[in-house]
Amino acid sequence: MGDGEEGASYLGVDIGGTKVALRVETGDQCVHERAFSWPPRHSAARDLGQLAARIAALRADLGVPFRAVGIAMPATVGPAERVTAWPSRPEWTGTDLGAALRPLFPGAAVAWADDGDLGALAESRSSGCDDLLYLGVGTGVGGGLVLGGEPCPGPGRGSFEVGHMVVELGGPRCGCGRRGCLQAVASGPATLRRASRQRGSTAAFDDLVKAWGDGRPWAVTALRRTCRALAAAAVGVQELLQPRLVRVGGGFANGIPGFAGLVADHVTELARPGRPPLPVEEAALGGLSSLHGAVSLARLLARRPFPHP
């Protein structure tokens, strides 16, 4: 099996702003997958109480211990294991994540990582490519990098913030305060704002998809700028770290036919003479990439512990 003892169970937990998903794999089989919604925002203690109850019920139902647990977190976690920012659930700011989560899984090794990093890990596992860049385009632009089959830079050492690569000097202002970040140019909302300006009236997502299919210039122009910015980021990562494959996913990208192909076209345009362009594919796992990646993190953790500061 390569992951350790036969029959060992691995739990992946994808903690989101509005819901939590759980997936358990034993051997090569998924034996449980379920999601539940968070209650209306109240407090981190209340959220953690609900999570603890769900985990306890899951352990009772399965009747087996977890060898390792991987957790996908959208929050920014500082070096002291405390949540420093989580815009969707700011009540968690200051929470000691290690002290809150480890007691939920007695006897198991536990690690967490950025949800984009784990999306990359899952896409790497599904593609069979150990050196992969994942770009997730939705409300923001996230993603991650896997090198040698492991997330880079790795749990406990920060996340791969591809969305904050500067791709347009003097470009639109990002929520982080800088100008020209990939997220400020290529996220779903940024693309729709640009499309609306090009159109001269508000363009909703469905309007953009239809107009793109019809070849309307305002939609084509808006999406080409988005995909060229993504290609520029991918080519920049290629020059420094040499991934062998790019996969493009996320809710916004998945909803637009041919989106990954348009990114691929721009990657080809930007390729340096004498080097083959980086292959670009559509992501295989859609909205489940972070959940699958959390299980992959658990499997990696069982083989080699990831330190937390």
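Residues numbered from 1 in each chain as written. Predicted model: local features only at pLDDT ≥ 70, side-chain atom pairs only at ≥ 80, totals over all residues. Heavy atoms only, no water.

Caption draft 1: Seen up close, the overall build of the protein. Across its full length, the protein carries 10 helices and 12 strands. Radius of gyration (C-alpha) of the protein: 20 Å, near the 19 Å computed for a compact globule of 309 residues. Projected onto its principal axes, the C-alpha coordinates of the protein cover approximately 60 × 45 × 35 Å. At a minimum sequence separation of 6, the contacts of the protein that also span at least 24 residues come to 63%. Just so you have it, the protein exposes about 13500 Å², and 52% of that area is on carbon and sulfur atoms. Here the protein holds 32 positive side-chain charges and 29 negative ones, and the gap between their average locations is 6 Å. (Helix = DSSP H or I, 4+ residues; strand = E, 2+ residues; numbered from the N terminus. Rg over C-alpha atoms; globule rule 2.2 N^0.38 Å. Contact = heavy atoms within 4.5 Å. Areas by Shrake-Rupley, 256 points an atom, 1.4 Å probe, with all protein chains shown as cover. Lys, Arg positive; Asp, Glu negative; His and termini not counted. Charge placed at Lys NZ, Arg CZ, Asp CG, Glu CD.)

Caption draft 2: Summary view of the sheet that holds strand E9 (residues 141–147). Read from one edge of the open sheet, 5 strands run E10-E9-E8-E11-E12, paired in mixed fashion. Strand pairing shows two members of the sheet lacking a second neighbour, strand E10 (150–152) and strand E12 (280–282), which therefore form its edges. On average, each strand axis in the sheet is tilted by 30° relative to the strand beside it, whichever way the strands run. Looking at chain direction, E9 and E10 are connected through 3 bridges and run antiparallel. Note that in E10 the partner of leucine 147 across the bridge is glutamate 150. Helix H9 (residues 259–270) rests against strand E8 (132–137), strand E11 (245–249) and E12 of the sheet, and its axis sits at about 175° to E12. (Pairing = 2+ DSSP bridges. Axes fitted to C-alpha atoms, helices over the stretch in contact; angles between N-to-C directions.)

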